[in-house]
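Listed here are the chains, written in short residue letters.
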There are 2 protein chains.
Amino acid sequence: MPADAPIYDRVALIGLGLIAGSMAHAMRRGGLVGEIVGTARSAETRDVAREIGLVDRVVDTAAEAVAGADLIVLAVPVGAMGAVAEEIAPHLAPGATVTDVGSVKGAVIEAVGPYIPEGVHFVPAHPLAGTEHSGPRSGFASLFDNRFTLIVPAEGSDRDAVARLDALWRGMGANTEEMDADHHDLVLAVTSHTPHLIAYTMVGVADDLRRVTDSEVIKYSAAGFRDFTRIAASDPTMWRDVFLSNKEATLEILGRFTEELFALQRAIRTGDGELLFDYFTHTRAIRRGIIEAGQDTAAPNFGREPTT
Amino acid sequence: MPADAPIYDRVALIGLGLIAGSMAHAMRRGGLVGEIVGTARSAETRDVAREIGLVDRVVDTAAEAVAGADLIVLAVPVGAMGAVAEEIAPHLAPGATVTDVGSVKGAVIEAVGPYIPEGVHFVPAHPLAGTEHSGPRSGFASLFDNRFTLIVPAEGSDRDAVARLDALWRGMGANTEEMDADHHDLVLAVTSHTPHLIAYTMVGVADDLRRVTDSEVIKYSAAGFRDFTRIAASDPTMWRDVFLSNKEATLEILGRFTEELFALQRAIRTGDGELLFDYFTHTRAIRRGIIEAGQDTAAPNFGREPTT
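This is a predicted model, so every value here is computed, not measured.

Some remarks on the pattern of salt bridges
Alright, step 1. The final tally for this structure, using the stated rule, is 39 salt bridges over all chains.
Alright, step 2. For arginine 211 of chain B, the salt bridge goes to glutamate 252 of chain A, with nearest N and O atoms at 2.4 Å. Residue arginine 211 of chain B is found in the loop between α7 (181–208) and α8 (214–219), and its partner glutamate 252 of chain A is found in helix α11 (residues 247–270); the two belong to separate chains.
Alright, step 3. Look at glutamate 252 of chain A and you get partly exposed, because its relative accessible area is 35%.
Alright, step 4. Between aspartate 60 of chain B and arginine 50 of chain B there is a salt bridge, with its nearest N and O atoms 3.1 Å apart. Of this pair, aspartate 60 of chain B sits in the loop between β3 (57–58) and α3 (62–66) while arginine 50 of chain B sits in helix α2 (residues 43–52), and the two are 10 residues apart along the sequence.
Alright, step 5. Look at the salt bridges and you will find they share partners, linking Glu132 and Arg230 of chain A together with Asp227, Arg287 and Asp296 of chain B into a network.

Here it is in structure tokens:
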């Protein structure tokens, strides 16, 4: 993908956090696009982006950023997408594609869709990659390598626009798949949203106990707890919006979760060792599948570097 | 700690899994002891241990292993400790120390204590370290480095025997602290046992859904779920025994957990974004504490090696 055949001539990144920043690095690594313009609501974020040269040009408003862009990426919290779409709508160039990287698709389509003018393509997407870090300094070029990006075209989406966005994501290292919005939101409720809520809850419980101090929890976390704290350290605004906007699917999976948890709790109370053993044996297979699919490392403890 | 001043002259490892194997490697690395004798219930495990030279001498029975040993380490699942103690009791040398590495202390003290003969010291302990792997090939010398080992002396334990075991654990790289059995079991219910149960449950839910396939769960696991699957891949026998033998504390913490989870669930249902945001902001601080205490890496995604 040489620079003389860019997939897009000008990309506008609205929001300059972990995902948009990593996209900027990955697009440059692959020589995939012409100019990268970026903006963020906070002046501090824009200053950092300028200082580290995150994109080619940092501008102060979303309206300025989208002018003349043939790809516009909405990379703001899900709850802010609608307002941004309203702001940029009058400034979008005909033939341009608007996409987003939100973790929920139904709510984003509902919020953004109505603002997309005739002649502009709207192709929602969601890269399934991230870290517990956030902000303009947190991005890196390899974030999407071998991870999946789900592309969620609306009904009647222009197939050429979809193919072009797909090529960009593959160029950034991702595997891509298409999915409809409802299924996306259910799959993510299982693989991401409910696990995050559970991790937040467990960390909250540990913090709240009087008889076990925070210092004890911290010192003895290597016994399992520290894995939970990583995802419970993710960006609070992003996650608030995720839960509020994927309410239905998250509540459904939470219902299943508590049902199962109560069954295991009952087995503990009644001393049903066989049920526990069978349950725990079964779950090992899923881990094996994830490793074989290249979605995690087989090294013990994720191959954490020594922390001594 | 030169080899000419060993802390123990002969150590007997009963059980040759992840913890005992790592102890063998760590004791050799530090030149901490004289001879290391080992045994395991399964002939296959003993054969592997012989083949890889895990210990100096592999014997077929626990009774043989403890003969002439001045430290005996019970490294079997918690539910098997009592039977092993009964088996070895007649063969223990006067002045020897018996210790264990079980994840629960109250139940082990109850099961093992009565079999310890007059003149033999019993000093329970628990290294807070592990990986999701198990078996005689899974151990490594650095497993305990900078992790905590909790030493849980019974009332009236011989202080010299406690100090000697403490020196061994420090020689193997661990930090050590003393704690009473009840508090140990509560702390571990928070930092380890409940998180494991929750992880097992979440993986079970994902596996059980009809509308989301296992293949989808596996491919899209990088969105958060994969962190859960690591601890849900741990040894099923060990974990069955942990829950059955730390029933009271686990059920207490589970009760707190579901109470908190229902509060967050209610906030999602009623759209209380402020409650969610505040909760999620608060939990970040715990993660920071764990990193500052050297109990985890600050690298994104635990610094997982690329899995492409």
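On we go.
As for the sheet that holds strand β7 (residues 125–127) of chain B
Residue and element names in this part refer to chain B.
Alright, step 1. Read from one edge to the other, the open sheet built from three strands follows the order β7-β8-β9, with strand pairing classed as mixed. Two strands bound the open sheet, and with one partner strand each, they are β7 and β9 (175–178). Each strand of the sheet is rotated relative to its neighbour by a mean of 20°, with strand direction disregarded.
Alright, step 2. Here strand β8 (residues 148–151) runs beside β9; their pairing, made up of four bridges, is parallel. Across the sheet, isoleucine 151 pairs through a bridge with glutamate 178, a residue of β9.
Alright, step 3. Sheet contacts for helix α6 (residues 159–171): β7, β8 and β9; angle to β9, the most-contacted strand, approximately 150°.

Focus: the interface of chain B and chain A
Alright, step 1. Tallying the contact residues gives 112 residues for chain B and 112 residues for chain A.
Alright, step 2. Between chain B and chain A, roughly 10700 Å² of surface is buried when both sides are summed, and carbon and sulfur atoms account for 68% of that area.
Alright, step 3. Area buried by chain B at its contact with chain A is led by Tyr220, Ile268 and Phe280 of chain B, which between them contribute 7% of it.
Alright, step 4. One can count nine salt bridges joining chain B with chain A.
Alright, step 5. A salt bridge links aspartate 208 of chain A to arginine 256 of chain B, with the nearest nitrogen and oxygen atoms 3.1 Å apart.
Alright, step 6. Across the chain B-chain A interface, the total number found is 40 residue pairs in polar contact (both at pLDDT 80 or more).
Alright, step 7. Looking at the side of chain B that touches chain A, the elements with two or more residues in it are β8, α7, α8, α9 (225–231), α10 (236–245), α11 (247–270) and α12 (273–292) of chain B.
Alright, step 8. Ranked by residue count, the leading element in the side of chain B that touches chain A is α7 of chain B, at 22 residues.

Considering the nonpolar core
Alright, step 1. Residues Met202, Phe228 and Phe257 of chain A together with Phe228 and Phe257 of chain B are the most contacted members of the largest nonpolar core, which totals 90 residues.
Alright, step 2. Those residues within four positions of phenylalanine 257 of chain B in sequence are excluded, and the remaining contacts are Ile198, Thr201, Met202, Val205, Phe257 and Leu261 of chain A together with Ile198 of chain B.

So, the relation of the copies chain B and chain A
Superposition of the two copies of the chain requires a rotation about an axis together with a shift along that axis.
Alright, step 1. Each copy of the sequence occupies a distinct position, and chain B is placed on chain A by a rotation of 180° and an axial shift of 0.0 Å, giving an RMSD of 0.0 Å. Both chain copies can therefore be described as sitting about a two-fold axis.
Alright, step 2. Both copies contact each other with a shared surface, as 100% of the interface residues of chain B are interface residues in chain A too.

As for the UniProt feature "domain: Prephenate/arogenate dehydrogenase" (unreviewed entry) in chain A
Alright, step 1. Here, UniProt's "domain: Prephenate/arogenate dehydrogenase" (unreviewed entry) annotation points to residues 9–298 of chain A.
Alright, step 2. Measuring from the first to the last C-alpha atom of residues 9–298 of chain A gives 40 Å, for a span that is 52% helix and 12% strand.

Considering the pairing of strand β5 (residues 97–100) of chain B
Residue and element names in this part refer to chain B.
Alright, step 1. Residues of β5 alternate between two faces, with Thr97 and Thr99 on one and Val98 and Asp100 on the opposite face, all of them buried.
Alright, step 2. Where strand β4 (residues 71–74) lies against β5, four bridges are found, and the strand directions are parallel. Residue isoleucine 72 lies in a different strand from β5, and its bridge partner there is valine 98.
Alright, step 3. In this fold, the crossover linking β4 to β5 by way of helix α4 (residues 81–88) has right-handed handedness.
Alright, step 4. Where β5 lies against strand β6 (residues 121–122), two bridges are found, and the strand directions are parallel. By the bridge assignment, valine 98 is partnered in β6 with phenylalanine 122.

About the criteria used
Residues numbered from 1 in each chain as written. Chains lettered and ligands numbered in written order. Predicted model: local features only at pLDDT ≥ 70, side-chain atom pairs only at ≥ 80, totals over all residues. Heavy atoms only, no water. Salt bridge = Lys/Arg side-chain N within 4 Å of Asp/Glu carboxyl O. Helix = DSSP H or I, 4+ residues; strand = E, 2+ residues; numbered from the N terminus. Buried < 20%, exposed > 50% of the residue type's maximum accessible area, 1.4 Å probe, protein only. Pairing = 2+ DSSP bridges. Axes fitted to C-alpha atoms, helices over the stretch in contact; angles between N-to-C directions. Contact = heavy atoms within 4.5 Å. Buried area = accessible area lost by both parts, 1.4 Å probe. Polar contact = N/O pair within 3.5 Å; in protein donor to acceptor, adjacent residues only side chain to side chain. Core = buried A, V, L, I, M, F, W, Y, C linked by side-chain atoms within 4.5 Å. Least-squares fit on C-alpha atoms with pLDDT ≥ 70 in both. UniProt positions renumbered as here; feature names shortened; annotations may be inferred. Right-handed = clockwise from strand over helix to strand, strands pointing away.

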